[in-house]
Amino acid sequence: MDMTAVQAPEIAYKAGMKILVIEDDREAADYLQKALTEAGHTAHVAADGDTGFTLADEGDYDVLVVDRMLPRRDGLSVIAGLRARGSETPVLILSALGEVDDRVTGLRAGGDDYLTKPYAFSELLARVEVLKRRSGGKDVETMYRAGDLELDRLSHTVRRAGRDIPLQPREFKLLEYLMRHAGRVVTRTMLLENVWDYHFDPQTNVIDVHVSRLRGKIEKGFDKPLLHTIRGAGYMLKAD
């Protein structure tokens, strides 16, 4: 893949979409996942049509980015199958086939937009954002607050009672997810899927370690705890 054609520009993006990329080109898929994540979104990847169909059918995604030529089940079949099951999730088709007839076929199969390879990442992201707006999706808040704790997604900063709290990227993503669900129990499975992008339990204490480090950073020197362990259930961020 010619990566010079898909360089992501340094601009500020709106945050918060959950996107499924169905792409069998490992390099292209990894690049898209990384670029979308850096743009502030959650991106999952499926490497074949069958897996992509299952994830799209069972998941709650804002937008699907689907390569047309896929192993096990081609992209158009995936889209048609999802539409037959009543899915209205917007779909952006990626394809090296750029003739008018190819685009028409893709749109008639249930795609909402069609982007020809090679593409610029800025254009792909703009099209994804447009698809979300057309579907009536609302932008996720870029500022989260829980008591005197504040997280700003745009400036990538965290403050408590006016004091800056430096976090590592994974800690920031973990805190962001917890604050987005403040007042509700967040399970290990939810954290594995949305913070670590795992769809299985690696049977390690990675979550416990990160939660412990995060708790130390946001609570050390303050009287009121914010990050609570709910025994047998998970964690909850709550300002008492």
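Please read these numbers as outputs of a predicted model, since none were measured by experiment.

Description of the pattern of salt bridges
Okay, step 1: Scanning the model with the defined rule gives 17 salt bridges in all.
Okay, step 2: With its nearest N and O atoms 2.4 Å apart, the salt bridge here joins Glu176 to Arg180. Residue Glu176 and its partner Arg180 are both found in helix α6 (residues 169-180); the two are separated by four residues, about one turn of the helix.

Focus on the packing of aromatic side chains
Okay, step 1: This model, assessed by the stated rule, comprises one aromatic pair.
Okay, step 2: With a centroid separation of 6.4 Å and 85° between ring planes, the pair formed by Tyr31 and Phe121 is classed as edge-to-face. Of the two residues, Tyr31 is situated in helix α1 (residues 26-38) and Phe121 in helix α5 (residues 121-134); the sequence distance between them amounts to 90 residues. Comparing Tyr31 with Phe121 shows no difference in burial state: the two are buried.
Okay, step 3: A cation sits over an aromatic face here: Lys18 above Tyr61, 5.0 Å from the ring centre.
Okay, step 4: Lying over the aromatic face of Phe53, Arg73 brings its terminal NZ or CZ to 4.4 Å of the ring centre.

Section: the confidence of the model for the protein
Okay, step 1: When pLDDT is averaged along the protein, the result is 86, and 89% of the positions lie at 70 or above.
Okay, step 2: Here helix α7 (residues 188-194) stands out as the least confident element of the protein, with mean pLDDT 82; strand β3 (residues 63-67) is the most confident, with 96.

Cut-off values and rules
Residues numbered from 1 in each chain as written. Predicted model: local features only at pLDDT ≥ 70, side-chain atom pairs only at ≥ 80, totals over all residues. Heavy atoms only, no water. Salt bridge = Lys/Arg side-chain N within 4 Å of Asp/Glu carboxyl O. Helix = DSSP H or I, 4+ residues; strand = E, 2+ residues; numbered from the N terminus. Phe/Tyr/Trp six-rings, centres within 6.5 Å; stacked < 30°, edge-to-face > 60°. Buried < 20%, exposed > 50% of the residue type's maximum accessible area, 1.4 Å probe, protein only. Lys NZ or Arg CZ within 6 Å of the ring centre and 35° of its normal. pLDDT = per-residue confidence, 0-100.

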